[in-house]
Amino acid sequence: MDAEKFYSPQELERQYNVRDSRADYETKIVPDWIKRSAITRTNLKSAIDISYGKSEKQKLDFFSSPDINSPTVIFFHGGYWQRGDKSVYSFLANSFVNNNINFLAVGYDLCPKISITQIVSQAQEAIVWIWQNANKLEINKDKFIVSGHSAGGHITGMMMGTEWNKISSDLPNNLILAGIPISALNLLEPIRHTTLNDALKMDKEEAKSQSPIYLPPKTNAQQLIVYGANETDEFHRQSNIYYEKFKSEERKIERFIVPDADHFDEMNDLSNESSEFFKKMKKFIELL
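Residues numbered from 1 in each chain as written. Predicted model: local features only at pLDDT ≥ 70, side-chain atom pairs only at ≥ 80, totals over all residues. Heavy atoms only, no water.

Lay out helix 3 (residues 25-43) with the relevant residues and their values.
Between the first and last C-alpha of helix 3 there are 26 Å, a value that for 19 residues agrees with the 27 Å anticipated at 1.5 Å per step. Of all the positions in helix 3, only Tyr-25, Ile-29, Val-30, Trp-33, Ser-37 and Thr-40 are classed as buried. Looking at the packing, one finds that the buried side of helix 3 touches strand 2 (59-63), helix 4 (93-97) and helix 12 (265-270). (Helix = DSSP H or I, 4+ residues; strand = E, 2+ residues; numbered from the N terminus. Expected span 1.5 Å × (residues − 1). Buried < 20%, exposed > 50% of the residue type's maximum accessible area, 1.4 Å probe, protein only. Contact = heavy atoms within 4.5 Å.)

Please give an account of the side chain of Ser-147 that cites residues and values.
In this fold, Ser-147 is placed in strand 5 (residues 144-149). Among the residues examined, Ser-147 registers a relative accessible area of 0% and is labelled buried. Separated by 2.6 Å, the side chain of Ser-147 and the backbone oxygen of Ile-180 make a polar contact. Filtering out sequence-adjacent residues up to four positions away, Ser-147 remains in contact with Val-73, Ile-74, Phe-75, Phe-76, Gly-152, Thr-156, Ile-180, Ile-182 and Met-281. (Polar contact = N/O pair within 3.5 Å; in protein donor to acceptor, adjacent residues only side chain to side chain.)

So, the sheet that holds strand 4 (residues 102-106): which residues are in play, and what are the values?
One open sheet holds the 8 strands; their spatial order is 1-2-4-3-5-6-7-8, and the pairing between them is mixed. Here the strands that pair on one side only, and so sit at the sheet edges, are strand 1 (46-51) and strand 8 (253-258). On average, each strand axis in the sheet is tilted by 20° relative to the strand beside it, whichever way the strands run. Sheet topology places strand 2 next to strand 4; 4 bridges connect them, and they run antiparallel. Residue pairing in the sheet places Phe-62 in a bridge with Leu-104 of strand 4. (Pairing = 2+ DSSP bridges. Axes fitted to C-alpha atoms, helices over the stretch in contact; angles between N-to-C directions.)

Explain the pairing of strand 2 to me, and be specific about the residues and the numbers.
Of all the 5 residues making up strand 2, 5 are buried; the element is thus mostly covered by neighbouring parts of the structure. Residues Lys-59, Asp-61 and Phe-63 of strand 2 are buried on one face, and the alternating residues Leu-60 and Phe-62, pointing to the opposite face, are buried as well.

Give me the lowdown on the packing of helix 5 (residues 116-132) against helix 7 (residues 151-160), citing residues and values where you can.
Their axes nearest at 10 Å, the elements helix 5 and helix 7 cross at an angle of 65°. Classified by the interaxial angle, the pair formed by helix 5 and helix 7 is roughly perpendicular. Of the two possible hands of crossing, helix 5 and helix 7 adopt the one that is right-handed. Across the interface between the two elements, Ile-116, Ile-119, Val-120, Ala-123, Gln-124 and Ile-127 of helix 5 pack against His-154, Ile-155, Met-158 and Met-159 of helix 7. (Parallel < 35°, antiparallel > 145°, perpendicular 65-115°, else oblique. Left-handed = near helix turned anticlockwise from the far one by under 90°.)

Run through the nonpolar core, naming residues and quoting values.
With 93 residues, the main nonpolar core has Trp-81, Met-159 and Ile-191 as its most contacted residues. Setting aside its immediate chain neighbours within four residues, Trp-81 contacts Leu-110, Cys-111, Ile-116, Ile-119, Ala-151, His-154, Leu-185, Leu-188, Ile-191 and Leu-200. (Core = buried A, V, L, I, M, F, W, Y, C linked by side-chain atoms within 4.5 Å.)

Describe helix 5, naming the residues involved and giving the relevant values.
For helix 5, built from 17 residues, the straight-helix expectation of 24 Å at 1.5 Å per residue is met to within 8% by its first-to-last C-alpha distance of 24 Å. The set of residues buried in helix 5 consists of Ile-116, Ile-119, Val-120, Gln-122, Ala-123, Gln-124, Ala-126, Ile-127, Val-128, Ile-130 and Trp-131.

Which residues make up the pairing of strand 5, and what values go with them?
The buried count for strand 5 comes to 6 of 6 residues, which makes it a mostly enclosed element. The two faces of strand 5 match: Phe-144, Val-146 and Gly-148 on one face and Ile-145, Ser-147 and His-149 on the other face are all buried. Two strands pair when backbone bridges link them, and strand 3 (residues 72-76) and strand 5 are joined in this way by 5 bridges, in the parallel orientation. In the sheet register, Phe-75 faces strand 5, and the bridge partner there is Ser-147. Relative to strand 6 (residues 178-182), strand 5 runs parallel, the two sharing 5 bridges. What sits directly across from Ile-145, in strand 6, is Ala-178.

Give a detailed account of the pattern of salt bridges, specifying residues and quantitative values.
Enumeration according to the criterion identifies 19 salt bridges in this entry. Where Glu-189 meets Lys-204, a salt bridge forms, and the shortest distance between an N and an O atom there is 3.8 Å. With Glu-189 in the loop between strand 6 and helix 9 (197-200) and Lys-204 in helix 10 (residues 204-209), this pair connects stretches of sequence that are 15 residues apart. Take Glu-189: its relative accessible area is 12%, and that puts it in the buried class. For Glu-254, the salt bridge goes to Lys-280, with nearest N and O atoms at 2.7 Å. Linking Glu-254 in strand 8 with Lys-280 in helix 13 (residues 276-286), this pair joins segments that are 26 residues apart in sequence. Judged by relative accessible area, which is 25%, Lys-280 ranks as partly exposed. A network of salt bridges, in which partner residues are shared, links Arg-22, Asp-24, Asp-262 and Asp-265. (Salt bridge = Lys/Arg side-chain N within 4 Å of Asp/Glu carboxyl O.)

So this is what it looks like as structure tokens:
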């Protein structure tokens, strides 16, 4: 189905511009995340604003667990590649660190300052930097799990489709142990037909080249595909087309639907150690 042809322009906008569906997004959701994240950065052992590149936003926030052999979740934030900041998502680190999982939040430049293509390159640069500096960070470079929400889920898919030893000969192709894209955007063409593209400035060629659905995973690393039960039909489809296309006997891909959660509620669930979502993610990581 070509969503841009199936839906009216107004309905296509509603399907993708999910921030407009939450009247409390600016007044409650984001302020709450910012407040909780500030507390997290005070309470947890952390290293904030570690530079991995040349620009101001190319920085990492690292929250470490006590065990040097712990797995590390490398998390890319959402915001349709044009909004958001890594610092807003520090609150997610608590549930991971409390369960002996390191948490690394990645910052990157935003559109329209740079393109989606360049954002993907910055994400690759971040992961290469983390791998090459694993000893300094005191993390196990064999236990990298890449994850992200919304646009960050898209970035996750693009990382799974990266041939790392073509970027640098010292990198293994199996650099990423597993991927957990959350409400990922895997087919970008429909977004090109919404007002979200005003800042993205994607043309048809970039929408295709930067769509994970056209970029098969380069290894058989396991993946956990996640989306919220209360998300729009298009967000369900965006996850399901990737799941159906790339799962195989050799490549184990699971799917988890977060109960009673929309695009934003699922982040609150992920921060809750008692939620079904966090328990599923924890179990998935423990079985790797």
